[in-house]
Every structure is written in structure tokens, then in C-alpha cells.
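Chain and residue survey
Chain residues, written in single-letter form:
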Amino acid sequence: LVVLDDTDCMVEMARYFLEFTQDQSCGKCVYCRVGTSRLLEMLTRLCAGEGRERDLDQLRELAERVRENSLCGLGRTAPNPVLTTLRYFEAEVRAHLEGRCPAGRCRALIGFEVTARCIGCTICAQRCPVQAIEPRPHARQVIDSVRCVRCGLCRQLCPEQAIEIRSPVPTGAGSVVRAR
């Protein structure tokens, strides 16, 4: 039993489960060996913000073919996370095509921003593993988005919860991705 909430990225979850089943494939049948590998490549591209519109149709078609033509139970069930995600969470998949991760989990599709709640304690700057925040005592901190590896440590350590996840692609009003 796997329990998820709105802070979990369904595209990443489908990728994760497909990675596991692809790794467990014995490789005897082409559909399971090559099909799951191609599905994994497409999902990985989506999570990296490099997905293409045609990926949706190709994901659906290939997943169906793998399910129908694989020789064993593993191959027949391997595409289920992909098909389920496309069926029930298509809007989230489409958001990834637009360069956004609604759950704020896919590192390539998020950024961090320090809000006005920052009190200038510099805890985030002191603990940043890549020095993406230059310490500015008693002033609002600024995150260098180029250096930032999006590990989220700054958000975890901030005593004022002054660091929010933002979509790097302008999405109009409400571009803040609320992640807990």
C-alpha cells in the first residue's frame, strides 16, 4: 500500500515505479526490455522539464503495447503506474510539459525564493551546501538560482518559513507552488 498526498509528484512516482520494474525485467521479451526502457526515458524527460507534447500519446500507446505483448506478469503490470498517472493525473503531466511541477518536487522545475518574512538570521546561508546564499546579517537573504541545487535544506532550516518554492517559469497569477 502506497499512500500519497498533494505534495507528491505523480509523474515522479510513475517514473520511480517504472524504474524499479524496468530494473527487474529479465530481458527475454522485447516489449518489456525495450518498452519499459523507453517509457522510463520519456518520464525522466518530463521530470527534467524536457518533455514534448507528443510524449503523452507515445507514453499511452507504448504502455498499452507493453501491457498487451509482454510475456510475463511483470511486463504486463509494469506500465500500470504510467497508465494510471495519464488517466487520473493528466493535468499534472501537462503541467510538466509546461515546465511546472505542481507538487514542487521535480528539482529541474522548481526554484526557491526568500520572502519578506526573512529576519536575516543567516541560518540558511550558513548551512547551504553550495554557498548559493551569501550571508547578509539582519537583511533579507537572496538565493542564487544558478548555484542552487534545490536540495531544500534552506526551507527546512528557516525558523520563519520565509523560503517558498516557486515555479521558475512564469505561470501568471499564483505562480507560487505551495509545498509543505
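Presented here is an overview of the structure given in this document.

Calculation notes
- Residues numbered from 1 in each chain as written.
- Predicted model: local features only at pLDDT ≥ 70, side-chain atom pairs only at ≥ 80, totals over all residues.
- Heavy atoms only, no water.
- Helix = DSSP H or I, 4+ residues; strand = E, 2+ residues; numbered from the N terminus.
- Contact = heavy atoms within 4.5 Å.
- Axes fitted to C-alpha atoms, helices over the stretch in contact; angles between N-to-C directions.
- Parallel < 35°, antiparallel > 145°, perpendicular 65-115°, else oblique.
- Left-handed = near helix turned anticlockwise from the far one by under 90°.
- Nonpolar A, V, L, I, M, F, W, Y, C, P; charged D, E, K, R; others polar.

Quick look at the side chain of D55
Mapped onto the elements, D55 comes out in helix α3 (residues 54-69). What D55 contacts, discounting residues up to four positions off in sequence, is M42 and R45.

Here's the deal with the packing of α3 against helix α5 (residues 80-88)
For any two helices packed against each other, one specifies the crossing angle of their axes together with the interaxial distance. Contact pair α3 / α5: the axes reach a minimum separation of 9 Å and the direction vectors enclose 140 degrees. Classified by the angle between their axes, α3 and α5 sit oblique to one another. For α3 against α5, the interelement crossing comes out left-handed. Across the interface between the two elements, L56, L59, R60, A63, E64 and R67 from α3 touch N80, V82, L83 and L86 from α5.

Describing the packing of helix α1 (residues 10-24) against helix α2 (residues 30-47)
Two elements in contact, α1 and α2, have axes separated by 9 Å at closest approach and are oriented at 150 degrees. The angle between α1 and α2 falls in the class roughly antiparallel. Crossing angle aside, the handedness with which α1 passes α2 is left-handed. Residues V11, E12, A14, R15, L18, E19 and Q22 of α1 touch α2, and the partners they reach there are R33, T36, S37, L39, L40, L43, T44, L46 and C47. Residues of the contact of α1 with α2, tallied by class, amount to eight nonpolar, four polar and four charged.

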